Amino acid sequence: YTPDLGMQMNPIWLPSPEKVVERFFEISREGYQNFSLWEHLGWSLIRVIVGFILGALVGIPLGYAMGLSGWFRGWFDPIVEFMRPVPPLALIPLVIIWFGIWETGKIV
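Going along each chain's sequence as written, the residues are numbered from 1 onward. Under the rules for a predicted model, residues below a pLDDT of 70 receive no local features and side-chain atom pairs below 80 are neither given nor counted, while totals for whole chains, interfaces and linings still include all residues. Note that water and hydrogens are dropped before the side-chain values are worked out from all heavy atoms of the structure.

Undergrad: So what about the overall build of the protein? Which residues, and what values?
TA: A tally of regular secondary structure across the protein gives five helices and zero strands. N-terminal to C-terminal, the α/β element order of the protein is α-α-α-α-α. Put simply, the radius of gyration uses C-alpha atoms, and a globule should come to 2.2 Å times the residue count raised to 0.38. Its C-alpha atoms give the protein a radius of gyration of 22 Å, clearly above 13 Å, the size a compact globule of 108 residues would have. Using a 1.4 Å probe on the protein chains alone, a residue whose accessible area is under 20% of its type maximum counts as buried, one over 50% counts as exposed, and one in between counts as partly exposed. Here the protein holds 108 residues, and the buried ones make up 7% of them. Using a 1.4 Å probe, accessible areas were evaluated by the Shrake-Rupley method; residue-level cover was limited to the displayed protein chains. As displayed, the protein has an accessible area near 9,600 Å², and 73% of this comes from carbon and sulfur atoms. For this count, His and the chain ends are skipped, Lys and Arg are scored as positive, and Asp and Glu as negative. For charged residues, the charge sits on one atom: NZ in Lys, CZ in Arg, CG in Asp, CD in Glu. One finds the centroid of the 7 positive side-chain charges in the protein at a distance of 7 Å from the centroid of its 9 negative side-chain charges. Strands are runs of DSSP state E lasting at least two residues, helices are runs of H or I lasting at least four, and both sets are numbered from the N terminus onward.

Undergrad: Residue-level account of the packing of aromatic side chains, with values.
TA: Paired rings are identified among Phe, Tyr and Trp, the last through its six-membered ring, by centres lying within 6.5 Å, and are further divided according to the angle between planes into stacked (under 30 degrees), edge-to-face (over 60) and tilted (the rest). One pass over the structure, following the stated rule, counts four aromatic pairs. Each residue in the set Trp71, Phe72, Trp75 and Phe76 is aromatic and connected to the rest through ring pairs, giving one cluster.

Undergrad: Give me the side chain of Ser28: which residues, what numbers.
TA: With respect to the helices and strands, Ser28 occurs in helix α1 (residues 17-30). Exposure remark for Ser28: the relative accessible area of 17% places this residue in the buried category. Contacts: residue pairs with any heavy atoms within 4.5 Å of one another. If we skip the residues at most four places from it in the chain, Ser28 touches Leu37 and Trp38.

Undergrad: Describe in detail a nonpolar patch on the surface, supporting the description with residues and values.
TA: Within the patch definition used here, like charges are joined within 9 Å and nonpolar side chains (Val, Leu, Ile, Met, Phe, Trp, Tyr) within 5 Å, considering only residues with over 30% relative accessible area and no salt bridge. Salt bridges are defined by distance alone: a side-chain nitrogen of Lys or Arg within 4 Å of a carboxyl oxygen of Asp or Glu. Judged by side-chain polarity, Trp43, Leu45, Ile46, Ile49, Val50, Phe52, Ile53, Leu54 and Leu57 come together as a nonpolar surface patch covering roughly 910 Å² of accessible area. Here Val50 lies in helix α2 (residues 37-68). Given a relative accessible area of 32%, Val50 falls into the partly exposed group.

Undergrad: Got a sec to walk through α2? Specific residues and values, please.
TA: Every helix has an expected span of 1.5 Å times one less than the residues it contains. For α2, built from 32 residues, the straight-helix expectation of 46 Å at 1.5 Å per residue is met to within 8% by its first-to-last C-alpha distance of 46 Å. Where α2 bends most, at Ala56, the angle is about 25°. Within the sequence span of α2, burial applies to Leu37, Arg47, Ala65 and Met66. Where α2 is buried, its residues contact α1, α3 (70-83) and α5 (103-107). The bend reported for a residue corresponds to the angle between axes fitted to the seven residues ending at that residue and the seven starting there.

Undergrad: Explain the environment of Asn34 residue by residue, including any values.
TA: Checked against the element boundaries, Asn34 lands in the loop between α1 and α2. Taking relative accessible area as the criterion, Asn34 reaches 82% and is therefore assigned exposed.

Undergrad: So what's going on with α1? Which residues, and what values?
TA: The end-to-end C-alpha separation of α1 is 20 Å, in line with the 20 Å expected for 14 residues at 1.5 Å each. Just past α1, the residue Gly31 takes up positive phi, approximately 90°.

Structure, rendered in structure tokens:
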């Protein structure tokens, strides 16, 4: 703490907003790790869409079947009710162990 600067953090821990904006425009112009910002955003969007589609392809028919059939409800309701209170963040280590850190783990 120096009286003339006030209470400021070291820029390595919390850079100024100007530096953040400057770095954003630099990355959008020059890219990051040999890929442009827009390529990174595109791949992230593809992962989100694929994950949503796969979840919908499994969840909608399963929910429909559970709503219409007591047999399906009897088999799958305990699993659904067991997973309901589990926070999604608690599943991240399991997803990494089961699916790895590559594309499959990112989509799941």
